[in-house]
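Here's the letter readout for the chains.
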Amino acid sequence: MRSREGELGLAAAAGDGFGLGGRELRSRLILGTGGFASLELLAGAIEASGTGLVTVALRRIDPGARGSLVDVLDAAGVELLPNTAGCHTARDAVLTARLAREAFGTDLVKLEVIGDERTLLPDAPELLAAAEELVAEGFVVLPYTNDDPVLARRLEAVGCAAVMPLGSPIGSGMGICNPYNISLICEAAGVPVILDAGIGTASDAALAMELGCDGVLCASAISRARDPAAMARAIAGAVGAGVLARGAGRIPRRPQAMASTTSAGRPEL
Amino acid sequence: MILVNGQTRSGAETLGALLGELGLGPEARGVAVAVDGEVVPRSEWKVRPLADGARVEVVGAIQGG
């Protein structure tokens, strides 16, 4: 069946091998686990996405109600990417990362240091300070950052394993508000660039890859979709489509039309 | 008295004893503990003494990110 082949081709492109922090990921789509209404919906989306890496957060435990999230993720065979969500200072983020390393036995950390509650935009000076400290402690640091090419360069310079610029604010679904900046970050980066926030639907993920990103991290667009598994499949396909389109080389934009049919041999009627 | 996840609690002599009261053994997965702002490695839970007034944070995985 033609459509089925097409879908598999896109999934294969999304999973064309992706080195990140010394490991090989099976997919360029990283799934955030926030916002799923149930663990069943989360498990279904993980399977549909084909992802090999998913985020988790750390909070005070309620001894009465524990356990099954990590079990579900283990059963899905995915690697964990702990985040420092909710941290507002470098100190809190560093301590949270240390707790995550102890809890999950991983050196990976998605570093978030938030500077503003309304927009959840990163606090650049605190982010850079935390990144430097965590790299020195041996973490593989994946910083959630502004779409700022200079800050991205500074994060790479202190030893981050990737940079993860936002397309638009977390959970906003506004897509990539400044594609020009994302392109600049991708052109300059010597580490993988992962578009980390703002994806609203599949076309946003395709654009991220077309702009030169190496991967996409997506939570709300999938977890809060009416059908999370279907959206996970759509976004995985879009990531694959973007990879293929980027490799294929798009035509330049031009201000006027350019006929695709030659005028040579046109009959005089 | 000690402070566990923001709640006052009568003191246990060691961190291991406190975690045992919470149903968390040394094999508990996806859990980490900080005392007075410093992470206590799992291997030290059993023997780590808890002073009066110690601030203990016990964290685990939730969906997020």
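Coordinates for the structure precede this section.
The structure contained in this document is the topic of the report that follows. Remember, predicted model here, so these are calculated numbers, not experimental data. (Residues numbered from 1 in each chain as written. Chains lettered and ligands numbered in written order. Predicted model: local features only at pLDDT ≥ 70, side-chain atom pairs only at ≥ 80, totals over all residues.)

What follows deals with the overall build of chain A. For chain A, the helix and strand inventory stands at 10 helices and 10 strands. Here chain A has a C-alpha radius of gyration of 20 Å; the compact-globule value for 269 residues is 18 Å, and the two agree. Overall, chain A is about 85 × 45 × 35 Å in size when its C-alpha atoms are taken along their principal axes. Scored against the burial criterion, the 269 residues of chain A give a buried share of 50%. Considering only contacts in chain A between residues 6 or more positions apart, those separated by 24 or more positions represent 65%. (Helix = DSSP H or I, 4+ residues; strand = E, 2+ residues; numbered from the N terminus. Rg over C-alpha atoms; globule rule 2.2 N^0.38 Å. Buried ≥ 20, exposed ≤ 12 C-beta atoms within 10 Å, placed from the backbone. Contact = placed C-beta atoms within 7 Å.)

Let us look at the pairing of strand β4 (residues 53-60) of chain A. The buried count for β4 of chain A comes to six of eight residues, which makes it a mostly enclosed element. Pairing of β4 of chain A with strand β5 (residues 79-82) of chain A involves four bridges; the strand directions are parallel. Within β5 of chain A, the residue paired with V54 of chain A across the bridge is L80 of chain A. Direction of pairing for β4 of chain A relative to strand β5 (residues 55-62) of chain B: antiparallel, over a ladder of four bridges. Looking at the pairing, L58 of chain A lines up with A61 of chain B of β5 of chain B. (Pairing = 2+ DSSP bridges.)

Bringing the interface of chain A and chain B into the picture now. Tallying the contact residues gives 26 residues for chain A and 21 residues for chain B. Those elements giving two or more residues to the side of chain A that touches chain B turn out to be β4, α3 (68-76) and α4 (90-104) of chain A. Here the side of chain A that touches chain B is built from residues that sort into 15 nonpolar, five polar and six charged. (Nonpolar A, V, L, I, M, F, W, Y, C, P; charged D, E, K, R; others polar.)

Let us now look at the packing of helix α2 (residues 39-49) of chain A against helix α10 (residues 228-248) of chain A. Residues and elements named next belong to chain A. Contact pair α2 / α10: the axes reach a minimum separation of 8 Å and the direction vectors enclose 25 degrees. Taken together, the axes of α2 and α10 lie roughly parallel to each other. Seen from above, α2 lies across α10 with right-handed handedness. Within the contact between the two elements, α2 uses L41, G44, A45, A48 and S49 and α10 uses P228, A229, A232, R233 and A236. Looking at the contact of α2 with α10, its residues break down into seven nonpolar, two polar and one charged. (Axes fitted to C-alpha atoms, helices over the stretch in contact; angles between N-to-C directions. Parallel < 35°, antiparallel > 145°, perpendicular 65-115°, else oblique. Left-handed = near helix turned anticlockwise from the far one by under 90°.)

All names here are of chain B. With respect to the helices and strands, the residue P26 is situated in the loop between α1 (15-21) and β3 (31-35). Taking the C-alpha atoms as reference points, P26 and V40, separated by 14 residues in sequence, lie 12 Å from one another. Sequence-distant contacts of P26, that is, excluding residues within four places in its chain, are made with R42, W45 and K46.

The next point concerns the sheet that holds strand β8 (residues 164-165) of chain A. Residue and element names in this part refer to chain A. Strand order in the open sheet formed by three strands is β6-β7-β8, and the pairing between neighbours is parallel. Unpaired on one side and paired on the other, β6 (108-111) and β8 mark the two borders of the sheet. Of the strand pairs in this sheet, strand β7 (residues 140-145) and β8 are connected by two bridges, and their pairing is parallel. Across the sheet, residue T145 finds its bridge partner in β8, namely P165.

Two numbers describe a pair of packed helices, the interaxial angle and the distance between the axes. Residues and elements named next belong to chain A. Two elements in contact, helix α8 (residues 202-210) and α10, have axes separated by 7 Å at closest approach and are oriented at 30 degrees. As far as their axial angle goes, α10 and α8 are roughly parallel. The way α8 lies across α10 gives a crossing that is right-handed. Of α10, the residues touching α8 (which contributes A202, S203, A205, A206, L207, A208, M209 and E210) are A234, I235, G237, A238, V239, A241, G242, V243, A245 and R246. Per-class residue counts for the contact of α8 with α10 are 13 nonpolar, three polar and two charged.

Okay, the pairing of β7 of chain A next. Residue and element names in this part refer to chain A. The buried fraction of β7 is high, at five of six residues. Where the polypeptide runs from β6 across helix α5 (residues 124-136) and back to β7, its parallel neighbour, the crossover connection is right-handed. At this point the chain moves from β7, through helix α6 (residues 149-157), to the parallel β8, and the crossover so formed is right-handed. (Right-handed = clockwise from strand over helix to strand, strands pointing away.)

It is worth spelling out unusual backbone geometry at this point. All names here are of chain B. A positive phi angle is found at N5, which is not glycine, with a value near 50 degrees. Looking at where N5 falls in the secondary structure, it is placed in the loop between β1 (2-4) and β2 (7-9). Of note in this structure, D36 is not a glycine but carries a positive phi near 50 degrees. Given 13 C-beta atoms within a 10 Å radius, D36 is considered partly exposed.

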